[in-house]
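Notes for the structure review
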Amino acid sequence: MFGFGLGNQLVKKLRKNKGFTVTELASWLKIDSLAIKRIDQLKLKDVPEPLKSKLLSLFRGDDDAKIPW
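So, here's what we can say about the structure. It should be emphasised that the depicted structure is a prediction, and the values quoted were computed from it without experimental measurement.

1. Describing the overall build of the protein chain
- Each helix and strand in the protein chain was counted, giving four helices and zero strands.
- Ordered by position in the sequence, the α and β elements of the protein chain form the string α-α-α-α.
- Per-residue burial over the protein chain gives 32% buried out of 69 residues.
- In the protein chain, the share of contacts with a sequence separation of at least 24, taken over all contacts with a separation of at least 6, comes to 64%.
- For the protein chain, the exposed area adds up to about 4,700 Å²; of that, 55% sits on carbon and sulfur atoms.

2. A few points about the environment of Gly 61
- On the secondary structure map, Gly 61 appears in the segment after α4 (49-60).
- In this structure Gly 61 comes out as partly exposed when scored by relative accessible area, which is 22%.

3. Things to note about α4
- Taking 1.5 Å per residue as the helical rise, α4 with its 12 residues ought to reach 16 Å, and the 16 Å between its terminal C-alpha atoms agrees with that figure.
- On its buried side, α4 packs onto α1 (11-18), α2 (22-29) and α3 (33-39).
- Gly 61 occupies a position one or two residues after α4 and carries a positive phi of about 100 degrees.

4. Focus on the packing of α2 against α4
- Direction vectors running N to C along α2 and α4 enclose 110 degrees, while the axes themselves pass 11 Å from each other. By the angle between their axes, α2 is roughly perpendicular relative to α4. Crossing hand, α2 versus α4: right-handed. Facing Leu 25, Trp 28 and Leu 29 of α2, the residues of α4 in contact are Leu 51, Lys 54, Leu 55, Leu 58 and Phe 59.
- Partitioned by chemical class, the residues of the contact of α2 with α4 number seven nonpolar, no polar and one charged.

Parameters at a glance
Residues numbered from 1 in each chain as written. Predicted model: local features only at pLDDT ≥ 70, side-chain atom pairs only at ≥ 80, totals over all residues. Heavy atoms only, no water. Helix = DSSP H or I, 4+ residues; strand = E, 2+ residues; numbered from the N terminus. Buried < 20%, exposed > 50% of the residue type's maximum accessible area, 1.4 Å probe, protein only. Contact = heavy atoms within 4.5 Å. Areas by Shrake-Rupley, 256 points an atom, 1.4 Å probe, with all protein chains shown as cover. Expected span 1.5 Å × (residues − 1). Axes fitted to C-alpha atoms, helices over the stretch in contact; angles between N-to-C directions. Parallel < 35°, antiparallel > 145°, perpendicular 65-115°, else oblique. Left-handed = near helix turned anticlockwise from the far one by under 90°. Nonpolar A, V, L, I, M, F, W, Y, C, P; charged D, E, K, R; others polar.

This is the structure we're talking about:
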């Protein structure tokens, strides 16, 4: 409801729940798709901080109105 427990889930699971592919998420965050593939098997709490804050706001749904498609 408020984003609690998101840190203990894998990035891949959160990405799939939102319906993003690796390339879509990489283009949304303006980073390389290889960076997404590297963190795909990590828990969200283990992701380095600048990327973690971007992912957390996206997975919580803060930016749903700003998605370009």
